[in-house]
Amino acid sequence: VDQSSNVRVWSLQTHKEVFSQTERESYIASIALSSDGRTLYYGNGTEGQHIKVVDTKVFEEQKKLEGHPREITCISISDDDEYLISASKDRSVRVWDLDKSSEAVILRDVLSEVTAIIMSNDLSFAF
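Reading guide: rules and limits
- Residues numbered from 1 in each chain as written.
- Predicted model: local features only at pLDDT ≥ 70, side-chain atom pairs only at ≥ 80, totals over all residues.
- Heavy atoms only, no water.
- Helix = DSSP H or I, 4+ residues; strand = E, 2+ residues; numbered from the N terminus.
- Buried < 20%, exposed > 50% of the residue type's maximum accessible area, 1.4 Å probe, protein only.
- Contact = heavy atoms within 4.5 Å.
- Core = buried A, V, L, I, M, F, W, Y, C linked by side-chain atoms within 4.5 Å.
- Patch = residues over 30% accessible without salt bridge, like charges linked within 9 Å, V, L, I, M, F, W, Y side chains within 5 Å.
- Areas by Shrake-Rupley, 256 points an atom, 1.4 Å probe, with all protein chains shown as cover.
- Salt bridge = Lys/Arg side-chain N within 4 Å of Asp/Glu carboxyl O.
- Pairing = 2+ DSSP bridges.
- Axes fitted to C-alpha atoms, helices over the stretch in contact; angles between N-to-C directions.

Student: What is the right way to read the overall build of the chain from this model?
Tutor: When its secondary structure is counted, the chain shows zero helices and ten strands. The order of helices and strands in the chain, counted from the N terminus, is β-β-β-β-β-β-β-β-β-β. Per-residue burial over the chain gives 42% buried out of 127 residues. Counted over contacts in the chain with a minimum sequence separation of 6, partners at least 24 positions apart contribute 29%.

Student: Please explain the nonpolar core as it appears in this structure.
Tutor: Of all hydrophobic cores here, the largest spans eleven residues; its members are Ala 32, Tyr 41, Ile 51, Val 53, Leu 65, Ile 72, Ile 75, Ile 77, Leu 84, Trp 96 and Leu 98. Within the residue set of this core, elements represented by two or more residues are β5 (50–55) and β7 (72–77). Per-element tally for this core: the top contributor is β7, with three residues. Leaving out residues up to four positions away in the same chain, Ala 32 has contacts with Thr 39, Leu 40, Tyr 41, Ile 75 and Ile 77. Listed in part, the nine residues of the second largest apolar core include Tyr 83, Ile 85, Ala 87 and Ile 117.

Student: Please explain a nonpolar patch on the surface as it appears in this structure.
Tutor: Together, Ile 118, Phe 125 and Phe 127 make up an exposed nonpolar region whose accessible area comes to about 370 Å². Relative to the assigned elements, Phe 125 resides in the segment after β10 (102–107). Judged by relative accessible area, Phe 125 falls into the exposed class, the value being 55%.

Student: Teacher, can you tell me more about the pattern of salt bridges here?
Tutor: Two side chains carrying opposite charge are able to pair once their charged atoms lie near each other. For the structure on display, the rule yields six salt bridges. Across the pair Glu 61 and Lys 52 runs a salt bridge, and its minimum N-O distance is 3.5 Å. When its relative accessible area of 35% is taken as the criterion, Glu 61 is described as partly exposed. Of the residues examined, Lys 52 reaches a relative accessible area of 7% and is grouped as buried. Residue Asp 90 is joined to Arg 94 by a salt bridge in which the shortest nitrogen-to-oxygen separation is 4.0 Å.

Student: Sorry, what's going on with the environment of Ile 77 here?
Tutor: Structurally, Ile 77 can be placed in strand β7. Since its relative accessible area comes to 16%, Ile 77 is described here as buried. Along the sequence, Ile 77 and Ile 31 sit 46 residues apart, while their C-alpha atoms lie 9.7 Å from each other. If near-sequence neighbours (up to four positions away) are discounted, Ile 77 is found in contact with Ala 32, Leu 33, Ser 34, Tyr 41, Tyr 83, Leu 84, Leu 98 and Met 119.

Student: When you look at the sheet that holds strand β3 (residues 28–33) in this model, what are you seeing that I'm missing?
Tutor: Within a sheet, adjacent strands bond to each other through the backbone by hydrogen bonds, running parallel or antiparallel. Reading across the sheet, the four strands line up as β3-β4-β5-β6 and stay open at both edges, with antiparallel pairing between neighbours. The open sheet has two edge strands, β3 and β6 (60–66), and neither has a second partner. Strand-to-strand twist of the sheet, defined as the mean angle between neighbouring strand axes without regard to direction, takes the value 20 degrees. As paired elements, β3 and strand β4 (residues 39–44) share five bridges and run antiparallel to each other.

Put into structure tokens, the structure is as follows:
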């Protein structure tokens, strides 16, 4: 992700760019990749309060995870690729069930804005 809100992907074998997408609606606040490399997730800030889900085989948007009413500040994916955790300027933390594309847990009124987040492998804690 660059300063102009372009998501860019380069092949480390060919040293060439294989995908580029400009986010016109907002800046990109956070990015995560599934452990198998097949799915890219990135959280939008400003106007686009959602997480885009991109298939890296064809580099097409598959869906959006929507729920935060304000800018997303950070995201992280579980080791088993089943859950994604996100935080927002709305002072909430959300755990997403990626198979269902829905919120599994919502923590509201976190004391301050969260700028980095990760969850335990057994999903019992968020740090």
